[in-house]
Structure formats: C-alpha cells, structure tokens
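This is what each chain is made of:
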Amino acid sequence: MFLLLKVWTLDEWIDEWAEFALVEVSPPFATLVLERMDRAEANREVDSGFTCAEYWDYNPQWLQYDDTLIELLGDKRDIAVLHEKPEVAEDRIIRQDGTRMCVEVAGSWPAEVRWRSYIKHTDVQMETESVPRQVFEEIAGRAPQFTKEVV
Amino acid sequence: MPYLLLRAWTCTEWIYEQVDFALVEVSPDLAALILQRMDHAEAHRQVDSNFTCAEYRCYAPQWLESDDVLEELMWDRRALVLHEKPQIAEDQLIRQDGTRVCVEIAGSEPAEVQWRSYIKYTDVQMETESVPRQVFEEIAGRAPVEQKQEFFPAIRLSREDLTHATGRDCTQLPDSVVERMAEKIGDALFEAGGWDVIGEVVELCLEELC
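Everything numeric here is computed off the predicted structure, so don't read it as measured data.

What counts, and at which threshold
- The written sequence of each chain sets the order in which its residues are numbered from 1.
- Naming scheme: in the order in which they are written, chains are lettered from A and ligands are numbered from 1.
- Residues qualify for local features only when their pLDDT is at least 70, as the model is predicted, and side-chain atom pairs are given and counted only at 80 or more; totals for whole chains, interfaces and linings, by contrast, use all residues.
- Side-chain metrics rest on all non-hydrogen atoms present in the structure, leaving aside hydrogens and water.
- Segments assigned H or I by DSSP are reported as helices when at least four residues long, segments assigned E as strands when at least two residues long, and all are numbered from the N terminus.
- Contacts are assigned to residue pairs that have any heavy atoms within 4.5 Å of one another.
- Areas reported as accessible are Shrake-Rupley estimates using a 1.4 Å probe. Residue values count occlusion only from the protein chains shown.
- Throughout, the protein atoms alone are placed on a 1 Å grid, and a set of points is a cavity if a 1.4 Å probe fits but cannot get out or a pocket if it is open with protein on both sides within 12 Å along at least five of seven lines; lining residues have an atom within 4 Å of a point.
- Grid points are joined across faces, edges and corners, and a volume is the space filled by probe spheres set on the points.
- Amino acid classes used here: Ala, Val, Leu, Ile, Met, Phe, Trp, Tyr, Cys and Pro are nonpolar; Asp, Glu, Lys and Arg are charged; the rest, including Gly, are polar.
- When two parts are brought into contact, each loses some accessible area as probed by a 1.4 Å sphere; the total of that loss over both is the buried area.
- Each salt bridge in this description consists of a side-chain nitrogen of Lys or Arg and a carboxyl oxygen of Asp or Glu lying within 4 Å of one another.
- Each polar contact in these results corresponds to two N or O atoms within 3.5 Å; when the atoms are within protein, one needs to be able to donate a hydrogen and the other to accept it, and residues that are neighboring in sequence are counted only if both atoms are side-chain atoms.
- pLDDT runs from 0 to 100 and stands for how confident the predictor is about each residue.
- Pairs were defined over the aromatic rings of Phe, Tyr and Trp, the Trp ring being its six-membered one, requiring ring centres within 6.5 Å. Orientation was assigned from the angle between planes: stacked under 30 degrees, edge-to-face over 60, tilted for the rest.
- Three labels apply to residues, based on accessible area from a 1.4 Å probe with only protein chains included: buried if under 20% of the type maximum, exposed if over 50%, partly exposed otherwise in between.

## Concerning the overall build of chain B
Piece 1. A count of helical and extended segments in chain B gives 6 helices and 10 strands.
Piece 2. Restricting to contacts in chain B with at least 6 residues of sequence separation, those with at least 24 account for 67%.
Piece 3. Carbon and sulfur atoms make up 48% of the accessible area of chain B, which totals about 10600 Å².

## Some points on the layout of surface pockets
Piece 1. Here the second largest pocket defines a volume of roughly 390 Å³.
Piece 2. Within the residue set of the lining of the second largest pocket, elements represented by two or more residues are β3 (50–56) and β8 (112–119) of chain A together with β3 (51–57) and β7 (96–104) of chain B.
Piece 3. A breakdown of the residues in the lining of the second largest pocket according to their chemical character gives 8 nonpolar, 4 polar and 8 charged.

## A word on the interface of chain B and chain A
Piece 1. Taken together, the 22 residues of chain B in the interface contact 20 residues of chain A.
Piece 2. A combined buried area of about 1900 Å² lies between chain B and chain A, and 44% of that area is made up of carbon and sulfur atoms.
Piece 3. On the surface where chain B and chain A come into contact, there are 3 salt bridges.
Piece 4. We note a salt bridge from B:Asp48 to A:Arg36, for which the minimum N-O separation is 2.7 Å.
Piece 5. At the surface where chain B touches chain A, the tally comes to 11 residue pairs in polar contact (both at pLDDT 80 or more).
Piece 6. Elements with a contribution of two residues or more to the side of chain B that touches chain A: α1 (28–47), β3 and β9 (125–128) of chain B.
Piece 7. Ranked by residue count, the leading element in the side of chain B that touches chain A is β3(B), at 7 residues.
Piece 8. The residue inventory of the side of chain B that touches chain A, partitioned by class, reads 8 nonpolar, 6 polar and 8 charged.

## Some words on the confidence of the model for chain B
Residue and element names in this part refer to chain B.
Piece 1. Taken residue by residue, chain B gives an average pLDDT of 82. The fraction at 70 or more is 80%.
Piece 2. Across residues 145–155, where pLDDT falls below 50, the model places 34 contacts with residues more than four positions away in sequence or in other chains.
Piece 3. With pTM at 0.76, the complex prediction returns an ipTM value of 0.87.

## A short note on the packing of aromatic side chains
Piece 1. Counted by the stated rule, this structure contains 3 aromatic pairs over all chains.
Piece 2. Arranged with centres 5.6 Å apart and planes meeting at 65°, the rings of A:Phe50 and B:Tyr56 form a pair that is edge-to-face. Of this pair, A:Phe50 sits in strand β3 while B:Tyr56 sits in strand β3, each in a different chain.
Piece 3. What makes A:Phe50 buried here is its relative accessible area of 2%.

## Quick notes on the environment of B:Cys170
Piece 1. By the element assignment, B:Cys170 lies in the loop between α4 (159–166) and α5 (175–192).
Piece 2. For the pair B:Cys170 and B:Arg159, spaced 11 residues apart in sequence, the C-alpha to C-alpha distance is 5.6 Å.

## A look at unusual backbone geometry
Apart from glycine, the bulk of residues carry a negative phi angle, and the bulk of peptide bonds sit in the trans form.
Residues and elements named next belong to chain A.
Piece 1. Located in the positive-phi region is His121, a residue other than glycine, with phi close to 65°.
Piece 2. Note on placement: His121 falls in the loop between β8 and β9 (125–128).
Piece 3. For His121, a relative accessible area of 68% gives the class exposed.

## Some thoughts on the environment of A:Leu4
All names here are of chain A.
Piece 1. Checked against the element boundaries, Leu4 lands in strand β1 (residues 2–9).
Piece 2. Expressed as a C-alpha distance, the spacing of Leu4 and Glu127, which sit 123 residues apart in the sequence, is 13 Å.
Piece 3. Beyond its immediate chain neighbours, meaning those up to four positions away, Leu4 contacts Phe20, Ala21, Leu22, Leu69, Leu72, Leu73, Asp78, Ile79, Ala80 and Leu82.

## Digging into empty space enclosed by the protein
Piece 1. The final tally for this structure, using the stated rule, is 1 cavity of 30 Å³ or more.
Piece 2. Empty space within the largest cavity amounts to approximately 110 Å³.
Piece 3. Taken together, A:Leu10, A:Asp11, A:Tyr118, A:Asp123, A:Val124, A:Gln125, B:Cys11, B:Thr12, B:Tyr118, B:Asp123, B:Val124 and B:Gln125 form the lining of the largest cavity.

## Quick notes on the pattern of salt bridges
Residues and elements named next belong to chain A.
Piece 1. Summed over all chains, the structure comprises 19 salt bridges over all chains.
Piece 2. One salt bridge in this structure joins Lys6 and Glu19, with 4.0 Å as the shortest N-O distance. In this pair, Lys6 sits in strand β1 while Glu19 sits in the loop between β1 and β2 (20–24), placing the two residues 13 residues apart along the sequence.
Piece 3. Arg116 is the partner of Glu104 in a salt bridge, and the nearest nitrogen-oxygen pair spans 2.7 Å. Taken together, the residues span a long stretch of sequence, with Glu104 in strand β7 (residues 96–104) and Arg116 in strand β8 at a distance of 12 residues. Per residue, the accessibility class of Glu104 equals that of Arg116, and both read buried.
Piece 4. One connected set of salt bridges, linked through shared partners, spans Glu54, Arg100, Glu104, Arg114, Arg116 and Glu127.

Printed below as a string of structure tokens:
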C-alpha cells in the first residue's frame with residue numbers, strides 16, 4: 001500500500017519545493033507505526049508535557065506538483081491510500097535529508113503520524129499532512145477495510 | 001536560579017529577525033525532569049533503534065538577537081551556566097511560539113538536549129546548541145560543583161582534534177585526560193580569548209597530565 005500525502009515546504013523563497021509525499025506502508029510497517037503510537041500515548045500518561053517522538057525513516061518520496069497526483073488526491077483531500085504506486089517522473093522527485101517519522105500527541109487527542117525532512121543541502125523543512133491511527137489499522141489488517149480507497 | 005546561555009540560530013537567512021542566543025532558566029526541578037526525560041529516551045532507544053528525538057512543550061527559553069555583552073560572555077563557547085540573569089534589553093527579545101525541549105539521541109551517544117521554537121506568526125524555526133547531560137546533573141545537584149561553576153566549558157575535543165592542534169599523536173590518550181584537557185581549554189579560552197591559544201594550552205596540558 002502507498003500513502004499519498006499533501007506536503008508543506010516551510011520556505012516560500014526556495015526554487016523547488018515539495019507538494020506531495022508518497023510513502024510505502026506494508027502491513028508489518030503499519031504494525032510498527034501502531035506500536036509507536038501506543039508508546040507515545042503511554043508516554044503522555046506519565047509526562048503531560050510530551051508532544052512528539054521522532055524516528056529515522058527514509059521511506060517517503062517527496063514530490064513536486066504533478067497533475068496525476070492532484071487527481072489521485074482529489075478535491076480538498078490531504079491523504080489518499082493507494083494500492084499501487086503511481087508513476088512518478090524522476091525529475092519531480094525532491095532530494096531529502098534527515099527524514100523522520102514523527103508520532104505526535106496533541107492534548108488528549110489520539111496520536112497521529114507525519115513525516116518531516118529537509119530538502120537536501122538546505123535547512124528548508126518539508127512536512128506531510130498527519131495521518132490518523134485508523135489508516136495504519138486498516139493496512140495492518142486490524143480494522144475493517146474502508147469502502148473507499150481514499151480516506 | 002541557574003540560567004543556561006546557549007548559542008542559537010534561525011533556520012532561514014531570509015527573515016529580518018535573526019536569533020543568536022537563547023537564555024534558559026533551568027531550576028533544579030526542571031534539570032531533574034530533563035534528566036528523567038533523557039533516561040527515558042535512552043531506554044526508548046533500547047527498544048527501537050530508529051528512535052532519535054522526543055519533544056516536550058517548554059517555554060523556559062528567551063530567544064535573543066545579537067548582543068555585545070552576551071557575545072563577550074560566550075567567546076567561542078557554545079554554552080554557559082550563569083548563576084545570575086544577565087541584563088537584557090526588551091527590544092532584543094524575539095517572540096516565540098510552539099517552543100519545545102527536545103531530547104535527542106544520535107547513534108550510541110548519550111542523549112543531549114536542545115530547545116526549538118518558531119518565530120511568532122511565522123513557520124521559521126529557531127534552535128539552540130545542544131546541551132550534554134552533565135550540565136543538568138550539575139544544576140540538579142547530582143554532580144560535584146566546580147569552583148568556577150559559572151563558566152561550564154561545554155567544549156568537545158576528539159583525540160583527532162588534539163592531534164591536529166599539537167601535531168603530536170594524541171590518539172591513545174585516556175578519556176580522563178581528554179576530558180580534563182577540554183575543561184582547561186575552556187578556562188584558557190575565557191581568560192585569553194580566541195581559539196589561537198588552543199595549541200599552546202594543549203601542549204601545557206600534555207606536559208602536566210601525561
């Protein structure tokens with residue numbers, strides 16, 4: 001499975017910026033993410049200041065604007081779950097560095113996951129939309145399949 | 001109340017406000033809490049080797065623009081422990097938002113701590129230099145306090161640095177000598193100023209310690 005996610009690049013003056021990330025998520029990987037979410041929620045119970053845990057993870061591909069990806073994501077959606085990897089032109093890929101998976105807890109809300117990275121050779125950060133627990137539960141096979149592929 | 005004066009930077013050069021320092025009030029209680037969080041991060045690394053950082057909300061720092069007095073206090077150091085708050089002009093302060101204390105793990109190295117924040121109303125991030133465990137141990141009262149405690153020599157030297165500075169083979173020096181040398185170099189830099197004294201100090205240390 002692949003997650004197609006909306007991306008923000010935190011610098012408006014850079015020439016090339018990412019608008020999407022494509023993340024391959026296998027069922028074992030989704031299980032690992034769920035374990036990390038459980039650990040983050042347990043950590044919040046013992047330390048109310050806790051807000052995020054980060055893990056090295058170079059899984060995402062960061063991509064510039066692309067008409068096909070816009071179409072796959074659909075109107076006003078920030079996350080899509082795809083069964084096949086869409087074709088991506090090599091020249092649309094943004095090179096990354098220091099990529100992390102961030103498991104975030106905000107207040108008493110359930111944990112969510114996003115990816116953050118730097119555009120290579122810069123200190124410009126890119127970050128994805130955050131992904132809720134049920135997406136990983138579905139991929140890990142712990143929740144009933146959604147009727148639509150797009151969340 | 002102890003204060004940490006840390007080098008800090010802004011992660012874009014295109015914004016008018018540029019941070020140079022962060023002044024962080026660290027009470028013994030906060031130092032103890034940070035030590036607890038560092039222990040937790042190191043335990044977390046044992047169960048998940050990709051773990052690299054845990055963030056906690058913390059508005060303890062004040063973020064500051066360049067200042068001659070602070071510059072003089074810092075010299076070439078990255079971090080200082082001060083026992084009194086230095087005077088700061090209101091117009092030096094940079095307004096912050098989303099400030100966190102970050103406990104970082106790099107490979108098998110001990111955890112270190114840095115603060116991160118955003119300049120208010122922007123998505124421009126500010127970050128401090130990272131601070132090693134012993135600084136918090138000292139403030140929490142768990143480590144012996146040096147006589148010259150207000151100037152913690154937060155300087156790391158590798159054996160390769162020492163070899164480079166002296167032209168002598170320092171690759172076999174024991175850890176205790178390397179640590180003591182870093183401490184002496186910190187003092188010498190404060191008294192004499194500038195990195196040009198490093199070769200001379202290292203030579204003296206080698207004679208004294210080896």
